[in-house]
Amino acid sequence: MSKKGISQIKGPSEIRLGETAYYEVSRIYDLDDKKKVDAARWKLYALDFKHQGNWRELTPKAGTPPKIGYRVPVIVTNQSLVGSELMLEAYIYEPEKRIPPGLRIKVLPGIEKKITRVDLFKVDDTPIKDDTVMKYGQTIKVKVYTQNMQNEMMKLSLYEDDAQGGGDSPKNKNNRVAYIKKPLNKKGFMVHEFKLNVNFAKIANAMMDGSHDKLHEYYVVVETAEHKSVSKNVDVQNPDYVKVQTVSSGVDTEKIYEGIVIEEVIVKRKFKKQIGTNPPVNTGNKVVTVFEPDEKKKENKECECFCNKEITPETLREMVIAMRKATYDDAGENFYKWNKDLLFTGGHEKFNDKSYAKFAEVLKSTFEKYEITSCIRKIHFLAQCYHETGAFMRSVEGGKDDKFWYDPYRGRGFIHLTLKGNYQKFKEDSKFDVVNNPELVSTNIEIAAKSSGWYWRYNDKGNINPFADKDSVFDTSRLVNKPNATKSSSINGYNQRVNAVNALKVVFKYPQNCCSLNEKETPNENNLCPSGSDDCICTTAFKFEDGFINHSKVIKDHISIIEHGLFKDPKTSIQKIVLHRTAGGTTQACKNAFKNGRKNKSGGIDHYGTHFIVGKDGVITQTANLAKVTWHCAGWNSKSVGIEVVGFAIDKDGKPTLGLKGQNPVAGWENLTEKQAKSVACLVKALLNYYSLDISKIDCHEHLAPKEKGEGQIVFDAIKEYLK
């Protein structure tokens, strides 16, 4: 029987990301099929190296109609496919999934840059729809998708909308309530959260008599110097809303009548005051204002704090004076006695502009860039900067004639940036060439502030903001001064740091006047969980009991023989979460291997193991105390937590193998099940949150020690979409 169907297609062998290319059927096996070519169907595949070079079908987005016809357009928008090899195939009967009839296509980087979309979600990743109404105190999660803009810096602004219609209007230029600058990731994607602080409602109601608006509207603008995109509007319930009603003249408007039909003036979107216009024609009706039915009148206490609010030069001077009056130098002299309100008069390297106006300006941009946006974060940041600079008197470590082994990269800035590695990392983040010109950090007050914000947010030990959120003077102090400190007496000037924090709390009127603290959003128990994963442990509130997670999703099976002493510090010692594969088929087999150990060269037994095992059924088993070291990754045992993920190494035919003598070599690894991938993602996110680490601190076993290629990478690839 002769072969039937399509034997060849033609079109470009290369396609750029975001551009459209056309492909068409060029040959068929049997002329009897000629009339059927117009109904040809098309499939697109990607080369899957994890599975011995097999072709994996790429499924279109939900709702996308299938490609049918003898000639079709193809556009690739997924940035992760850049550099990949694709295969496009047309078929009449059944796809052959080979070349030919398929055509091999190389995906090239795109040329056109654009922000493809800006989507808004609630904190639990529920999409914000047209009929969604949010409340102050809740959070808007912004997801930004771009094309060919990987790692670029973006500016995100949250605006209150007082203009008619959607979109960004010049009328709203003074209505920006929150702002942040941050880079896209290597895929050109970003997530950021804006909290709807209660003081935003006061701002909205001050604009255009907003107290008559039942709903306030907000939108997000995402932009660079050349590109801009605006989100849809989000409705937010106005806590101070009142109704405007008309009643017939002659009715006593001082009373509220039951059962009477009152004509309601419906206020859609924004109610605008008419200024300078003719008075309305007398219709015989009066306008009265009444509160919503069944609404108890509340005494609204004005909430004024420094969350998302600028610190003025005058207030900054007040803060400096308060800290100086509360702290003392090594000789026991009060700092205020000699320095009053003067700034940065000491040291051999000085700022060109050291006015309070400039000081307040650079702090504002630093707070925005490095997410130091709440009262308590600003209190701890300023207190640490105050101590590190000798009461805001010196911007450089030591004297001109002093010599340090790490010169010229001595401590500079508000939080002393020290060592060449940190200068290099700050240069990469800020584009200021402080490596070739280290004195910039101590002579340019903007760079001094930004370098300190960078260290606060991105130092090797992790983000300091979460420790400020917990109001832990010990943790913020040790991370700035001595990260491995286990007691306060090891930290230089600890008592003075405490005094500075307490002095600032008086000026800030913290906690009594803090809006964010008083209107704290009710935490979502699973607000960090991957979508569709119920009852996971990705929560800021999971409990520890004696070094073990207490959660229904985690089984405790303590194998104490794999524990080898304590971490120096149970939290700050941890710098990485390391991903492993078990090379076995079950959780029990892995636990048995931990218990049995492995023979060493001396004939004894070494007991290796990780803190966690995740089975194919998604069940997490904790085998070791998180305060204790296990042997799982040479060189990193004392600085990491390990996770074993159940799954076989496989040969080229997909069969299990260990690659030992007499066995087939390892060609890849068994895929994770969906439940397993979600559980691993949950566990990783929980641990990152607990140790205040970011996603860059996840690593694969084979990247840190000589192991089988792809062992941890296949785990990371399976969970990375859930980590967004």
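Rules used in this analysis
- Residues numbered from 1 in each chain as written.
- Predicted model: local features only at pLDDT ≥ 70, side-chain atom pairs only at ≥ 80, totals over all residues.
- Heavy atoms only, no water.
- Helix = DSSP H or I, 4+ residues; strand = E, 2+ residues; numbered from the N terminus.
- Buried < 20%, exposed > 50% of the residue type's maximum accessible area, 1.4 Å probe, protein only.
- Contact = heavy atoms within 4.5 Å.
- Areas by Shrake-Rupley, 256 points an atom, 1.4 Å probe, with all protein chains shown as cover.
- Axes fitted to C-alpha atoms, helices over the stretch in contact; angles between N-to-C directions.
- Parallel < 35°, antiparallel > 145°, perpendicular 65-115°, else oblique.
- Left-handed = near helix turned anticlockwise from the far one by under 90°.
- Nonpolar A, V, L, I, M, F, W, Y, C, P; charged D, E, K, R; others polar.
- Phe/Tyr/Trp six-rings, centres within 6.5 Å; stacked < 30°, edge-to-face > 60°.
- Polar contact = N/O pair within 3.5 Å; in protein donor to acceptor, adjacent residues only side chain to side chain.
- Pairing = 2+ DSSP bridges.
- Arc of directions from axis to C-beta.
- pLDDT = per-residue confidence, 0-100.
- Core = buried A, V, L, I, M, F, W, Y, C linked by side-chain atoms within 4.5 Å.
- Salt bridge = Lys/Arg side-chain N within 4 Å of Asp/Glu carboxyl O.

**Observations regarding the overall build of the protein**
Alright, step 1. Regarding its fold elements, the protein presents 16 helices and 34 strands.
Alright, step 2. Burial analysis of the protein (724 residues in total) assigns 48% to the buried set.
Alright, step 3. Restricting to contacts in the protein with at least 6 residues of sequence separation, those with at least 24 account for 67%.
Alright, step 4. When the accessible surface of the protein is totalled, it reaches about 36,900 Å², and 49% of it is carbon and sulfur.

**Overview of the packing of helix α4 (residues 356-369) against helix α8 (residues 445-458)**
Geometrically, a packed helix pair is captured by the angle between its two axes and the distance between the axes.
Alright, step 1. Interaxial distance between α4 and α8 falls to 9 Å at its minimum, and their mutual angle equals 30°. Judged by the angle between their axes, α4 and α8 are roughly parallel. In the packing of α4 onto α8, the handedness of the crossing is right-handed. Here α4 contributes K358, F359, V362, S365, T366 and K369 to the contact with α8, which in turn contributes I445, E446, A449, K450 and G453.
Alright, step 2. Grouping the amino acids of the contact of α4 with α8 by side-chain chemistry returns 4 nonpolar, 3 polar and 4 charged.

**Digging into the packing of aromatic side chains**
Alright, step 1. Tallying each qualifying case throughout the model produces 24 aromatic pairs.
Alright, step 2. Here Y159 and Y219 contribute two aromatic rings whose centre-to-centre distance is 5.5 Å and whose plane-to-plane angle is 15°, an arrangement assigned as stacked. Here Y159, found in strand β12 (residues 153-160), pairs with Y219, found in strand β15 (residues 215-223); they are 60 residues apart in sequence, far enough to count as distant.
Alright, step 3. For the ring pair F335 and Y386, a centre distance of 6.4 Å and an interplane angle of 80° mean the geometry is edge-to-face. In this pair, F335 is assigned in helix α3 (residues 335-339) and Y386 in helix α5 (residues 375-388), connecting sequence segments 51 residues apart.

**Digging into unusual backbone geometry**
Alright, step 1. Going from P100 to P101, the amide bond is cis rather than trans, its omega being 10°.
Alright, step 2. As for its placement among the helices and strands, P101 is situated in the loop between β7 (85-91) and β8 (103-108).
Alright, step 3. Across the junction of D407 and P408, the peptide omega takes the value 5°, indicating a cis bond.
Alright, step 4. Looking at the element boundaries, P408 is found in the loop between α5 and α6 (420-430).
Alright, step 5. Phi is positive for N151, close to 65°, though the residue is something other than glycine.
Alright, step 6. Following the sequence through the fold, N151 ends up in the loop between β11 (139-147) and β12.

**Comments concerning the side chain of N422**
Alright, step 1. Residue placement: N422 occurs in helix α6.
Alright, step 2. Of the polar contacts made by the side chain of N422, one reaches the backbone oxygen of T418; its length is 3.0 Å.
Alright, step 3. If near-sequence neighbours (up to four positions away) are discounted, N422 is found in contact with L417 and W454.

**Quick look at the sheet that holds strand β1 (residues 6-10)**
One key point about sheets: their strands pair by backbone hydrogen bonds, in either a parallel or an antiparallel sense.
Alright, step 1. Read from one edge to the other, the open sheet built from 3 strands follows the order β1-β3-β6, with strand pairing classed as antiparallel. With partners counted over all chains shown, the strands left at the sheet margins are β1 and β6 (71-75), one partner each. Strand after strand, the sheet turns through a mean of 35° between neighbouring axes, direction not considered.
Alright, step 2. In this sheet, strand β3 (residues 20-28) lies alongside β1 in antiparallel orientation, the contact comprising 4 bridges. Its bridge partner lying in β3, K10 is registered against E24.

**Digging into helix α13 (residues 587-596)**
Alright, step 1. Along α13, the residues that are buried comprise T587, C590, K591 and F594. Looking straight down α13, one finds that the buried residues subtend no more than 100° of arc, so they occupy a single side.
Alright, step 2. The inward-facing, buried residues of α13 abut β28 (612-614), β29 (620-622) and β31 (640-645).
Alright, step 3. Downstream of α13 by one or two residues, G597 has phi in the positive range, about 75°.

**Brief notes about the pairing of strand β4 (residues 41-48)**
Alright, step 1. Summarising burial for β4: 6 of the 8 residues are buried, a large majority.
Alright, step 2. Here 6 bridges tie β4 to β7, and the two strands are oriented antiparallel to one another. Looking across to β7, one finds that W42 is bridged to A90.
Alright, step 3. Pairing between β4 and strand β5 (residues 54-57): 4 bridges, direction antiparallel. Each residue of the ladder has a partner; that of Y45, found in β5, is E57.

**A closer look at the sheet that holds β5**
Alright, step 1. Spatial strand order, β2-β8-β7-β4-β5: 5 strands in an open sheet with mixed pairing. A single partner strand is all that each edge strand has here, and the edge strands are β2 (14-16) and β5. Across the sheet, the mean angle separating the axes of adjacent strands is 40° when strand polarity is ignored.

**Some points on the side chain of R581**
Alright, step 1. Summarising the element assignment, R581 is placed in strand β25 (residues 576-581).
Alright, step 2. From its side chain, R581 meets the backbone oxygen of V645 in a polar contact 3.0 Å long.
Alright, step 3. Dropping the residues within four chain positions of it, R581 is found in contact with E644, V645, V646, G647, F648, W669, E670, L672, E711, I714 and V715.

**Comments concerning the confidence of the model for the protein**
Alright, step 1. Chain-level pLDDT for the protein is 82 on average; 85% of the residues reach the 70-or-more range.
Alright, step 2. Residue range residues 530-535 is modelled with pLDDT below 50. Its contacts to residues more than four positions away, or to other chains, number 16 contacts.

**Let's talk about the nonpolar core**
Alright, step 1. In terms of nonpolar packing, the biggest core is built from 94 residues, with L158, F359, F414 and F508 touching the most fellow members.
Alright, step 2. It is α5 that contributes the most residues to this core, 8 residues altogether.
Alright, step 3. Once residues within four sequence positions are removed from consideration, F414 is found in contact with F344, F351, F359, L363, C385, E388, T389, I445, A448, A449 and S452.
Alright, step 4. Within the second largest apolar cluster, 34 residues are counted, among which are I577, V645, L693 and L723.

**What about α6?**
Alright, step 1. Every buried residue of α6 is accounted for by N422, Y423, F426 and S430. The buried residues of α6 occupy one face: seen down the axis, they fall within an arc of 100°.
Alright, step 2. Where the residues of α6 are buried, they touch α7 (440-443) and α8.
Alright, step 3. Where α6 ends, the next residue or the one after it, K431, has phi of about 75°, a positive value.

**A word on the pattern of salt bridges**
Alright, step 1. Applying the stated rule across the entire model yields 37 salt bridges.
Alright, step 2. Of the charged contacts in the structure, one is a salt bridge between E57 and K43, with a shortest N-O distance of 3.0 Å. Placement of E57 in strand β5 and of K43 in strand β4 is noted, with a sequence separation of 14 residues between them.
Alright, step 3. Among the residues examined, E57 registers a relative accessible area of 37% and is labelled partly exposed.
Alright, step 4. A salt bridge links D125 to K141; its shortest N-O distance comes to 3.2 Å. Here K141 lies in strand β11 and D125 lies in the loop between β9 (114-121) and β10 (133-134), a separation of 16 residues in the sequence.
Alright, step 5. Three or more residues joined by partner-sharing salt bridges are found here, namely K4, D30, D33 and K36.

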